[in-house]
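Letter by letter, the chains look like this.
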Protein chains: 2
Amino acid sequence: MNSQVEENYLKALFYLSIDNEDGVSVKVLSKHLDIKMPTVTSMMKKLAAKHLVNYESYKPLKLTEKGTKEAALVIRKHRLTEMYLVEKMHLGWEQVHDIAEQIEHIKSPEFFSKMDELLGYPKIDPHGSPIPDKNGKMVWKAYNKLSECKVNDTVKIAAVINTSDEFLTFLNGRDISLGLEMTIQSIEQFDNTIVVSYNKHSSETLSHRVCERLLVEKY
Amino acid sequence: MNSQVEENYLKALFYLSIDNEDGVSVKVLSKHLDIKMPTVTSMMKKLAAKHLVNYESYKPLKLTEKGTKEAALVIRKHRLTEMYLVEKMHLGWEQVHDIAEQIEHIKSPEFFSKMDELLGYPKIDPHGSPIPDKNGKMVWKAYNKLSECKVNDTVKIAAVINTSDEFLTFLNGRDISLGLEMTIQSIEQFDNTIVVSYNKHSSETLSHRVCERLLVEKY
DNA sequence: TAATTTTGTTAGCCTATTCTAACTTTTTAG
DNA sequence: CTAAAAAGTTAGAATAGGCTAACAAAATTA
Ligand SMILES: [Mn+2]
Ligand SMILES: [Mn+2]
Ligand SMILES: [Mn+2]
Ligand SMILES: [Mn+2]
């Protein structure tokens, strides 16, 4: 059984591996977890001893098959929890991450399979991220960043890349949530700011920074 | 903020203090937590430094006012969780204790107040134990042990003293649950075994050991 | 290629929580 | 009122996770 701390390292490696196919550096993992490099190195040796990470001095870190699966199963619990908190407990999508960060470590298969059942076996979490299945398999749909769309495109918000309280509260303030349809009115060439319209919002201006963090489905 | 381990010590002291008005011995606390006496001693010194326990060498242990309140608030979270798991997630009353033992340590006031709200501010948990209020105040109703009742008494099951999986599964097997009304048919003088009737069970024999762990309301 | 900078590792130390062995105080028996 | 037993404490060590300082390797720069 992995400890809470070990699980958090596995998750971090899993996330960072998405952008770094050839492995994750100690530096990057250290920054991500806000844990000093020497501590990370020693934990990597420990996880290597448990066959969860392939570790070789000075080489990029890679999760093993086993480590990948265990990481995905923690992420599964995290995302199921977030979905449960939003759907069944009516907490805001900006509140649930921090709670899920803790509940994901609860040791109780029945608890999570009951959540799954009550939710009707959801495929995505409240932020649009896919929930890995019981075998740790996860498939990302091919979404586009809003920042990459063109004028007059009509799109549906499918997922948010950043799940920080601040970003989600920003979106709440503009009534932007998953499933919302919007049309791109104009794009400012100078700074890539996009003006969109949706529902009662006939002209909402979104910065490039924001648009890069919104994944959409095109029609 | 108290650690998970500290919270478990506080809870244990709180429970053991109920029967031991004059304080809890290191021995008893050690046995209860299955942690060796020297470890308990050092934790008591630590909790004393935090003003949660009154500790004096060789004297019985007592929670301070502050310690009592913090313990009660952890118990509140434990019992709210158990109630939530039974009422909203449809888990069995024999399954919820182990999960609540973990969830009680989650740091998130909103999570627990939402639970409380969704449950309609319950006063008791699924085992009939009172849920402390937000100030840590808890009142036990004056129930009787089934073992202390007389022939022909009609009683309602109000609480179970033992909340182990085994005991509750034993009760499940006999369709005994909170709120059940039963009538005492006879009491065997030799071993205090009690024969009761209820619903479709016209003659169920319960050992003294079992009857001592069932709290009832008399009619 | 040689010097620098960046990244990664080692060594040594810290806190939290636990343990065993040895010693001390209290309690209980006789 | 002693002497043995029980309960409690002290000392020393272990494990999990973290940190800093110093050193080493790899990657960059010049
Ligand atoms: Mn999250
Ligand atoms: Mn976590
Ligand atoms: Mn319980
Ligand atoms: Mn607990």
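Bear in mind that the values here come from a model prediction, so they are computed numbers and not experimental data.

**Here we look at the coordination of the manganese ion (ligand 4)**
Residue and element names in this part refer to chain B.
Part 1 of the reasoning: Bound to the manganese ion (ligand 4) are the protein donor atoms Asn8 (OD1), Glu101 (O), Glu101 (OE), Glu104 (OE) and His105 (NE2), situated 1.9 to 2.5 Å from the metal.
Part 2 of the reasoning: The motif formed by the donor residues of the manganese ion (ligand 4), counted along the single chain, is N-x92-E-x2-E-H.
Part 3 of the reasoning: Owing to a relative accessible area of 24%, Glu101 belongs among the partly exposed residues under this scheme.
Part 4 of the reasoning: Residue classification places His105 among the buried positions, given a relative accessible area of 6%.

**Considering a negative patch on the surface**
Part 1 of the reasoning: A contiguous patch of negative charge on the surface is contributed by Asp98, Asp165 and Glu166 of chain A together with Glu110 of chain B.
Part 2 of the reasoning: Note that Asp165 of chain A resides in helix α7 (residues 165–173).
Part 3 of the reasoning: Residue classification places Asp165 of chain A among the partly exposed positions, given a relative accessible area of 41%.

**Brief notes about the coordination of the manganese ion (ligand 1)**
Residues and elements named next belong to chain A.
Part 1 of the reasoning: Taken together, His78 (NE2), Glu82 (OE) and His97 (ND1) make up the protein donors of the manganese ion (ligand 1), found 2.1 to 2.2 Å from the metal.
Part 2 of the reasoning: In terms of primary sequence, the donors binding the manganese ion (ligand 1) are separated according to H-x3-E-x14-H. With His78 in helix α4 (residues 65–87) and His97 in helix α5 (residues 96–103), this pair connects stretches of sequence that are 19 residues apart.

**Section: the pairing of strand β8 (residues 214–218) of chain A**
Part 1 of the reasoning: Relative to β8 of chain A, strand β3 (residues 144–145) of chain A is paired through 2 bridges, and the arrangement is antiparallel. Looking across to β8 of chain A, one finds that Asn144 of chain A is bridged to Val216 of chain A.

**Re the pattern of salt bridges**
Part 1 of the reasoning: According to the stated counting rule, one finds 22 salt bridges over all chains in the structure shown.
Part 2 of the reasoning: Of the charged contacts, one joins Lys50 of chain A and Glu6 of chain A as a salt bridge, the two residues approaching to 2.9 Å between their closest N and O atoms. Taken together, the residues Lys50 of chain A in the loop between α3 (37–49) and β1 (53–54) and Glu6 of chain A in helix α1 (residues 4–19) connect sequence positions 44 residues apart.
Part 3 of the reasoning: Since its relative accessible area comes to 3%, Glu6 of chain A is described here as buried.
Part 4 of the reasoning: For Arg79 of chain B, the salt bridge goes to Asp125 of chain B, with nearest N and O atoms at 3.7 Å. On the criterion of sequence distance, the pair formed by Arg79 of chain B in helix α4 (residues 65–87) and Asp125 of chain B in the loop between α6 (109–119) and β3 (144–145) is long-range, its members being 46 residues apart.

The rules we used
Residues numbered from 1 in each chain as written. Chains lettered and ligands numbered in written order. Predicted model: local features only at pLDDT ≥ 70, side-chain atom pairs only at ≥ 80, totals over all residues. Heavy atoms only, no water. Donors = N, O, S within 2.8 Å, 3.2 Å for Na, K, Ca; no water. Buried < 20%, exposed > 50% of the residue type's maximum accessible area, 1.4 Å probe, protein only. Patch = residues over 30% accessible without salt bridge, like charges linked within 9 Å, V, L, I, M, F, W, Y side chains within 5 Å. Areas by Shrake-Rupley, 256 points an atom, 1.4 Å probe, with all protein chains shown as cover. Salt bridge = Lys/Arg side-chain N within 4 Å of Asp/Glu carboxyl O. Lys, Arg positive; Asp, Glu negative; His and termini not counted. Charge placed at Lys NZ, Arg CZ, Asp CG, Glu CD. Helix = DSSP H or I, 4+ residues; strand = E, 2+ residues; numbered from the N terminus. Pairing = 2+ DSSP bridges.

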